[in-house]
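Observations on chain architecture
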Amino acid sequence: QQYLPHLAAIILFIVITFTYFSPVLEGKALRQGDIIHHKGMSKEIVDFREEFHQEPLWTNSMFGGMPSYLISTLYPSNLIRYIDRIISFGLRIPAKFLFLTLLGFYFLLVVGFRLNPWLGIAGAIAFSFSSYFFIIEVAGHNSKAHAIVYIAPILTGIILCFRSKILWGGVITGGFLALQIAAGHPQITYYTLFIILIFGLVHLIQAFKERTLPLFFKIAGVLVIAVVLAVCVNIGYLWPVYEYGKDSIRGKSELSSNQENRTSGLDKAYILNDYSYGIDETFNLVIPNFKGGASSGFDLNSKTYEELRRNNVPNAKQLVQSLPLAYWGNQRSTAGPVYIGAVIFFLFIMGLFIIKGPYKWWLALAVVISIILAWGKHMMPVSDLFIRFFPGYNKFRTVSMILVIAEFAVPLLGILAVHKILENKLKKEEVLKALKYGFYILGGVTLFFSVFPGLFFSFSATIDNQLSSSGWPSQFIQAIQDDRKHLLQTDAFRSFVFIVLTGSVLLAYVFGKIKKSYLVLGLGILFLADMWPVNKRYLNNNNFISKREVKEPFKPTSADLAILQDHDPNFRVLNLTVDTFNEASTSYFHKSIGGYHGAKMRRYQELITHQISRNNMQVLNMLNTKYIIVPGYDNQPVAQRNTNTLGNAWFVKSFKIVDNADVEIEALSDFDAGEEVIIDKRFESLVGDFKYTSDSTAQVELTSYQPNHLIYKSVSDHDELAVFSEIYYDKGWEAYIDGEPVPYFRVNYVLRGMKVPAGAHKIEFIFRPKAYFTGEKISLFSSLLLLLLFAGLSFVEFKKWFFNLRSEEKDLKTELQN
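All chains use their own residue numbering, which begins from 1 and follows the written sequence. Residues qualify for local features only when their pLDDT is at least 70, as the model is predicted, and side-chain atom pairs are given and counted only at 80 or more; totals for whole chains, interfaces and linings, by contrast, use all residues. Hydrogens and waters are ignored; side-chain quantities use all the structure's heavy atoms.

Here we look at the sheet that holds strand β5 (residues 572–575)
Definition in use: The pairing criterion is simple: DSSP has to find at least two bridges between the two strands. In DSSP terms, a helix is any run of H or I states spanning at least four residues, a strand is any run of E spanning at least two, and both are numbered starting from the N terminus.
Pairing within the open sheet is mixed, and its four strands lie in the order β6-β5-β7-β8. Looking at strand neighbours, the two that pair on one side only are β6 (591–592) and β8 (637–641), the edges of this open sheet. Two elements, strand β7 (residues 625–631) and β8, share five bridges in a ladder whose sense is antiparallel. Paired with isoleucine 629 across the two strands is alanine 639, which belongs to β8.

Laid out in structure tokens, this is it:
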């Protein structure tokens, strides 16, 4: 019987999951923007894997070429990944993530905090239905959603350690942290460690006060071992990614310009400009449409639509629904607000007055820090401090993502407050005082904005100025702002009603009008009633399409079909009919000059900024840009052949040694790529005493192409200086001439160069990153160790349970005999 509530919880979570995602039962799949892009990015990788049954680890399908670690790479030695399939019962995305999020928070509440299972179910709903978790699934941020799933289970292990279950806590922490890292979203793991750091700091202070520091450091030691083990399990992924990070846009630039904006990671502007949460936008946490919701249009009941109809504007329906009119916040754009929920936030405010001790300070501090850091450029002293001095912080953009910490902490403290009330250890006056303060603070805020929504705001946005300058009349702009005001006012009153209902249910319990079970049931219903409709605004049945559409997301244009007739295995395409450096459709069919990725190589990004964006044809020629897709008649894409492209490799007549990166990238502005090569002075010794000698028969050509193995044939009567139209990356690419390893070096800022001896030779480039292959061996050993530790502890627990059961049977038998 003691396991029945847990079984009921699992069944209920499955029912909730498939009720929300009912199209999954019809065989449909969720349309996810980033997953569509991912299919374009990973096409060459997936095709190679299916054909050769191995990982290429490199792809040339975008940005000239880059490692595939952050695109699509399998890590078969990480055995812990299979645990994810088991605990998710094989559910498919997006159902998988909602179910695991529910299960994970339930695990934290019931196992970590030893709460009543029924309250655990209600708490799991409160946490799992935060709007952000649904919004990111529509966007296709699957690795992010997957990593969020494991925040609560990781904290469960840590809390068990502090509840004297040190070994079990260590194994659970290590196991779930390993799963989170394997999900492949370092930023969420970073924020998880942020939560743990605040937790540790609060408990360190408590241990100092209570003079229990030896026990604290013992627990900390076990947890450090757990973290190290989780890292080792994923070292085959982490090590190559760490190596690549230094060469990506998250690494330090060698250029000296724009120093005030540069950091040891991403540039400050890239970190902060687009996705800093506005200070007033924080009210989204309790009023979903406080800033208009998403960057989307209005419905047909809006004043904006009425104004369009009144002025007989053509396509009024399409315009009002497609233009990004609703959102008037500080971010560049948004798919929706971070709405935690009026009901659970009301309980959180109560918890600040009810809960005592380290857990309150841990969770309250976590909420405050995450909100302040989410403000980004609107709180520059704090943001600049973290960017400069907090390790790893400058490696990530979208600072508003740190609100996942608040999304975790608010429901947890709120549910702990309800648990405290249910224990009946508080005086009635204490509960009523917390209720009063919660209602005054949160009820007052929501009521104020429902009555006076326009007292402090004009409801204007950047798009209003754009529309006005384009000739749209002032009454149309006013209609848009009136609609935004209406959205705020309606949702503020909505939140106020939920706060009143929550307070009423709690009052009914405090005055003995309802039982504990009805309070928990009532809160669970309120959580769903509050969050479900808001989430349906952003993820509903209309977001689902047939599996065939998901499987084949791109259809070739006539330009693509024309280029595909060229059977040359390795050339690049520049597509000017799309957002070249922020799209993946070209990568799906060709090897693209552009692409779609948040961690492209820094040097390539700098080449884009300084040369490609200025249409430097010499640079495009050296990148083997054989085709350029341009808009043709009626804006239909047309493929133009670039007859000046230099091919896969060529010999040059001269070289120029430059002192630094600034001079090197500027030298590309005025040079003949087919005749001259630009070389950093660090590689001068590899050029040696090369002197060009005219040889009309000299040639070098690609004879075999695989993304991780390139074979060339060279013929010459004299030593030659060769340039290979491949992206330079020295952490894995090995060069050979006739089977013997030879050095190569970086030329023309991003390409590879090599001194080739006279004669006929076979030249090879093979991508064999030691970090991946050595890491996979470490990963296999660490996975086995972690699984053995879990199995060993489980055996000890089973043995203990079995002998206790036999003892109870013996006692019962003796009692019956007597």
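Structural notes on the pattern of salt bridges
Stated formally: Should a side-chain nitrogen of Lys or Arg be within 4 Å of a carboxyl oxygen of Asp or Glu, the pair is scored as a salt bridge.
As enumerated under the stated definition, the model contains 32 salt bridges in all. When salt bridges that share partners are traced, they join Glu254, Arg603, Glu664, Asp680, Arg682 and Arg746 into one network.

Some details on the confidence of the model for the protein chain
Should pLDDT be low for a region, the predicted coordinates there are not to be read in detail. Applicable threshold: On a scale of 0 to 100, pLDDT captures the predictor's confidence in every residue.
This prediction gives the protein chain a mean pLDDT of 93; 100% of its residues lie at or above 70. Across the protein chain, strand β15 (residues 733–737) holds the top mean pLDDT of 97, while helix α24 (residues 547–551) sits lowest at 81.

Considering the packing of helix α10 (residues 186–210) against helix α19 (residues 404–422)
For the record, the criterion: Orientation is described by axes fitted as lines to C-alpha atoms, over the contacting stretch for helices, and by angles from 0 to 180 degrees between their N-to-C directions. In these notes the angle categories are as follows: under 35 degrees is roughly parallel, over 145 is roughly antiparallel, 65 to 115 is roughly perpendicular, and the rest is oblique. With the far helix as reference, a near helix turned anticlockwise by less than a right angle produces a left-handed crossing, and one turned clockwise produces a right-handed crossing. The contact definition used throughout considers only heavy atoms, calling two residues in contact when any of these lie within 4.5 Å. Residues are sorted three ways: Asp, Glu, Lys and Arg are charged, Ala, Val, Leu, Ile, Met, Phe, Trp, Tyr, Cys and Pro are nonpolar, and all the rest, Gly among them, are polar.
Interaxial distance between α10 and α19 falls to 10 Å at its minimum, and their mutual angle equals 45°. The angle between α10 and α19 falls in the class oblique. The interaxial crossing formed by α10 with α19 has right-handed handedness. In this structure, α10 uses Ile188, Tyr191, Phe194 and Ile195 to contact α19, whose residues at the interface are Val404, Ile405 and Phe408. Within the contact of α10 with α19, the residues separate by chemical class into seven nonpolar, no polar and no charged.

Examining the packing of helix α14 (residues 303–310) against helix α22 (residues 474–510)
For the pair α14 and α22, interaxial distance at closest approach is 7 Å and the crossing angle is 155°. Looking at the two axes, α14 sits roughly antiparallel to α22. Seen from α14, the contacting residues are Lys303, Thr304, Glu307, Leu308 and Arg310; seen from α22, they are Gln475, Phe476, Ala479, Ile480, Asp482 and Asp483. Broken down by class, the residue content of the contact of α14 with α22 amounts to four nonpolar, two polar and five charged.

Some remarks on the environment of tryptophan 168
Examined against the element boundaries, tryptophan 168 turns out to sit in helix α9 (residues 166–183). Along the primary structure tryptophan 168 and isoleucine 158 are separated by ten residues, whereas in three dimensions their C-alpha atoms are 9.5 Å apart. Setting aside residues up to four positions removed in sequence, tryptophan 168 forms contacts with Phe790, Leu793, Ser794 and Glu797.

Some remarks on helix α16 (residues 342–354)
Rules: Expected span of a helix: the number of residues minus one, times 1.5 Å. Per-residue accessibility, obtained with a 1.4 Å probe over protein chains only, is compared with the maximum for each type, and a residue is labelled buried under 20%, exposed over 50%, and partly exposed between these values.
In a regular helix each residue adds 1.5 Å, so 13 residues correspond to 18 Å; α16 covers 18 Å between its end C-alpha atoms and thus fits that length. Along α16, eleven of the 13 residues are buried, which leaves the element largely enclosed by surrounding structure. Looking at α16, one finds that the buried residues are Ala342, Val343, Ile344, Phe345, Phe346, Leu347, Phe348, Ile349, Met350, Gly351 and Ile354. Looking at the buried residues of α16, the elements they touch are α5 (117–128), α17 (358–374), α19, α20 (428–451), α22 and α23 (516–536).

Structural notes on a nonpolar patch on the surface
Heads up, the condition is: Residues with no salt bridge and a relative accessible area higher than 30% make up the patches, which join like charges within 9 Å and nonpolar side chains (Val, Leu, Ile, Met, Phe, Trp, Tyr) within 5 Å. For accessible areas, the Shrake-Rupley method is used with a probe of radius 1.4 Å. Any residue's cover is judged against the shown protein chains and nothing else.
A cluster of nonpolar side chains, contributed by Phe353, Tyr437, Phe439, Tyr440, Ile441 and Val500, occupies part of the molecular surface with about 520 Å² of accessible area. With respect to the secondary-structure elements, isoleucine 441 resides in helix α20.

Describing the packing of aromatic side chains
Here is the rule we go by: Centres within 6.5 Å make a pair out of two Phe, Tyr or Trp rings, where for Trp the six-membered ring is used; the pair is then stacked when the planes are under 30 degrees apart, edge-to-face when over 60, and tilted otherwise.
Counted under the stated rule, the structure contains 70 aromatic pairs. Ring geometry for tyrosine 20 versus phenylalanine 129: centroids 6.1 Å apart, planes at 70°, classification edge-to-face. Taken together, the residues tyrosine 20 in helix α1 (residues 4–20) and phenylalanine 129 in the loop between α5 and α6 (131–139) connect sequence positions 109 residues apart. Phenylalanine 129 carries the same exposure label as tyrosine 20, and that label is buried.

Section: the sheet that holds strand β13 (residues 709–716)
Sheet architecture is open: five strands sit in the order β12-β13-β19-β15-β16, paired in antiparallel fashion. Of all strands in the sheet, those with a lone pairing partner are β12 (699–706) and β16 (740–742), marking the two edges. Strand after strand, the sheet turns through a mean of 30° between neighbouring axes, direction not considered. Note that β15 and strand β19 (residues 759–767) share five bridges and pair antiparallel. Among the inter-strand pairings, tyrosine 736 is bridged to a residue of β19, identified as glutamate 764.

Section: the environment of serine 450
The test is simple: Distance and chemistry together define a polar contact, namely a pair of N or O atoms within 3.5 Å, with one atom able to donate a hydrogen and the other to accept it when in protein, and with adjacent residues in sequence counting only for side-chain atoms on both sides.
By secondary structure assignment, the location of serine 450 is in helix α20. In sequence terms serine 450 and glutamine 489 are 39 residues apart; their C-alpha atoms lie 4.5 Å from each other. Leave out the neighbours within four places in its chain, and serine 450 touches Gln489, Ala492 and Phe493. Engagement of the side chain of serine 450 in a polar contact is seen with the backbone oxygen of leucine 447, the distance being 2.7 Å.

Some remarks on the pairing of β19
As judged from the eight bridges shared by β13 and β19, these two strands associate in the antiparallel manner. Along β19, the bridge assignment pairs histidine 709 with isoleucine 766.

So, the nonpolar core
One recurring pattern in soluble globular proteins: nonpolar side chains tend to sit buried together. Put simply, the rule is: Nonpolar cores are built from buried Ala, Val, Leu, Ile, Met, Phe, Trp, Tyr and Cys residues. Side-chain atoms within 4.5 Å join them into one set.
Counting 241 residues, the largest nonpolar core has Trp362, Phe408, Leu412, Phe527, Tyr604, Met622 and Leu623 as its most contacted members. Per-element tally for this core: the top contributor is α19, with 13 residues. The residues contacting phenylalanine 527, other than those within four sequence positions of it, are Ala122, Ile125, Ala126, Val343, Ile344, Leu347 and Ile415. In terms of nonpolar packing, the next biggest core, distinct from the first, is built from six residues, Ala559, Phe571, Val573 and Tyr627 among them.

A short note on the side chain of threonine 625
With respect to the helices and strands, threonine 625 occurs in strand β7. Residue classification places threonine 625 among the buried positions, given a relative accessible area of 0%. One polar contact links the side chain of threonine 625 to the main-chain carbonyl oxygen of leucine 620, over a distance of 2.7 Å. For threonine 625, the contacting residues outside a window of four places in its chain are Arg572, Val573, Leu574, Ile593, Leu620, Asn642 and Thr645.

Here's the deal with α9
An ideal rise of 1.5 Å per residue puts 26 Å on 18 residues; α9 measures up with 26 Å between its terminal C-alpha atoms. Across the 18 residues of α9, 17 count as buried, placing the element largely inside the fold. Directly after α9, the chain includes glycine 184, whose backbone phi takes a positive value near 85°.

Some remarks on unusual backbone geometry
Here the amide bond leading from isoleucine 93 into proline 94 is cis, since omega sits at 5°, within 30 degrees of zero. You can see proline 94 is positioned in the loop between α3 (81–87) and α4 (95–112). In this structure, arginine 114 takes a positive phi of about 55° despite not being glycine. Examined against the element boundaries, arginine 114 turns out to sit in the loop between α4 and α5. At asparagine 615, a residue that is not glycine, the phi angle is positive and equals roughly 60°.

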